[in-house]
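Structural characterization, general
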Amino acid sequence: MKVVLQNVLNCEVKIKDKVYSSIDRGFLLLVSFTDGDNLDIINKTANKISKLRVFMDENGKTNLSLLDVNGKIMSVSQFTLYADVKKGNRPSFTNCLDFNKAKELYQQFNLELKKLNLIVEEGVFGEDMKVSFVNDGPFTLVIDSKEVFK
């Protein structure tokens, strides 16, 4: 599982030129899955995200979590995070998890985040979405479960 996490001041997902979902301050999560990903990895990743202290406190230190700042999550499926560009100029997507399995894990991931008392807005899995946001900082992290949870 791979997640690109961005602190955002706001984020909006449009589908067919209509706003589908939006948040104010919080995280934009671009989420992808590969072979071997499972519920254990999803639970660990959701728990890690809920506790990350990446928002500034009154002293300018990154000491506050999403819950501390009453932030929200915009979760967007992004299968291209597992694209392989080693050979040639056209990405290979063979490392991306099967559509139906990935959709199931994506839904489970969002459910796990909600179980942690986080407010989660979503895109639509497999849909052509236009995502716009204002990155705060900018502050961006890549969470790769193969590295974080060895």
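To start, this report covers the structure provided alongside it. (Residues numbered from 1 in each chain as written. Predicted model: local features only at pLDDT ≥ 70, side-chain atom pairs only at ≥ 80, totals over all residues. Heavy atoms only, no water.)

**Things to note about the packing of helix H1 (residues 39–51) against helix H2 (residues 99–115)**
At a minimum axis separation of 9 Å, H1 and H2 run at an interaxial angle of 40°. Classed by the angle they form, the pair H1 and H2 counts as oblique. Two packed elements cross with a definite hand, and for H1 against H2 that hand is right-handed. For the pair H1 and H2, contact is made by Leu39, Ile42, Asn43, Thr45, Ala46 and Ile49 and by Leu105, Gln108, Phe109, Glu112 and Leu113, respectively. Partitioned by chemical class, the residues of the contact of H1 with H2 number seven nonpolar, three polar and one charged. (Axes fitted to C-alpha atoms, helices over the stretch in contact; angles between N-to-C directions. Helix = DSSP H or I, 4+ residues; strand = E, 2+ residues; numbered from the N terminus. Parallel < 35°, antiparallel > 145°, perpendicular 65-115°, else oblique. Left-handed = near helix turned anticlockwise from the far one by under 90°. Contact = heavy atoms within 4.5 Å. Nonpolar A, V, L, I, M, F, W, Y, C, P; charged D, E, K, R; others polar.)

**Remarks on the environment of isoleucine 42**
By the secondary structure assignment, isoleucine 42 is in helix H1. Take isoleucine 42: its relative accessible area is 0%, and that puts it in the buried class. Along the backbone, isoleucine 42 and valine 85 are 43 residues apart, and their C-alpha atoms lie at a distance of 26 Å. The residues touching isoleucine 42, leaving out its near neighbours within four places in the chain, are Met1, Phe33, Leu105, Gln108, Phe109 and Glu112. (Buried < 20%, exposed > 50% of the residue type's maximum accessible area, 1.4 Å probe, protein only.)

**Some details on the pattern of salt bridges**
In total, this model carries five salt bridges according to the counting rule given. Across the pair lysine 146 and aspartate 37 runs a salt bridge, and its minimum N-O distance is 3.9 Å. You can see lysine 146 sitting in helix H3 (residues 145–148) and its partner aspartate 37 sitting in the loop between strand E3 (26–32) and H1, a full 109 residues away along the chain. Ionic pairing is found between lysine 44 and aspartate 40, a salt bridge with its closest N-O pair at 3.3 Å. Placement of the pair is lysine 44 and aspartate 40 together in helix H1, with a separation of four residues, close to one helical turn. According to the relative accessible area criterion, lysine 44 is partly exposed, its value standing at 38%. (Salt bridge = Lys/Arg side-chain N within 4 Å of Asp/Glu carboxyl O.)

**With respect to H2**
For H2, spanning 17 residues, the distance from its first C-alpha to its last is 24 Å, which sits close to the expected 24 Å at 1.5 Å a residue. Of the residues making up H2, those classed as buried are Ala102, Leu105, Tyr106, Phe109, Asn110, Glu112 and Leu113. End-on, the buried residues of H2 take up no more than an arc of 160°, which puts them together on one face. Exposed residues lying more than 90 degrees from the buried face of H2 are Asn100, Glu104 and Lys115. Contacts from the buried residues of H2 go to E3, H1, strand E6 (72–77) and strand E7 (119–122). (Expected span 1.5 Å × (residues − 1). Arc of directions from axis to C-beta.)

**Section: the environment of glutamate 122**
Following the sequence through the fold, glutamate 122 ends up in strand E7. For glutamate 122 and serine 22, which are 100 residues apart along the polypeptide, the C-alpha to C-alpha distance reads 8.5 Å. Sequence-distant contacts of glutamate 122, that is, excluding residues within four places in its chain, are made with Tyr20, Ser21, Met74, Ser75, Tyr106, Asn110 and Lys114. There is a polar contact of 3.3 Å between the side chain of glutamate 122 and the side chain of asparagine 110. (Polar contact = N/O pair within 3.5 Å; in protein donor to acceptor, adjacent residues only side chain to side chain.)

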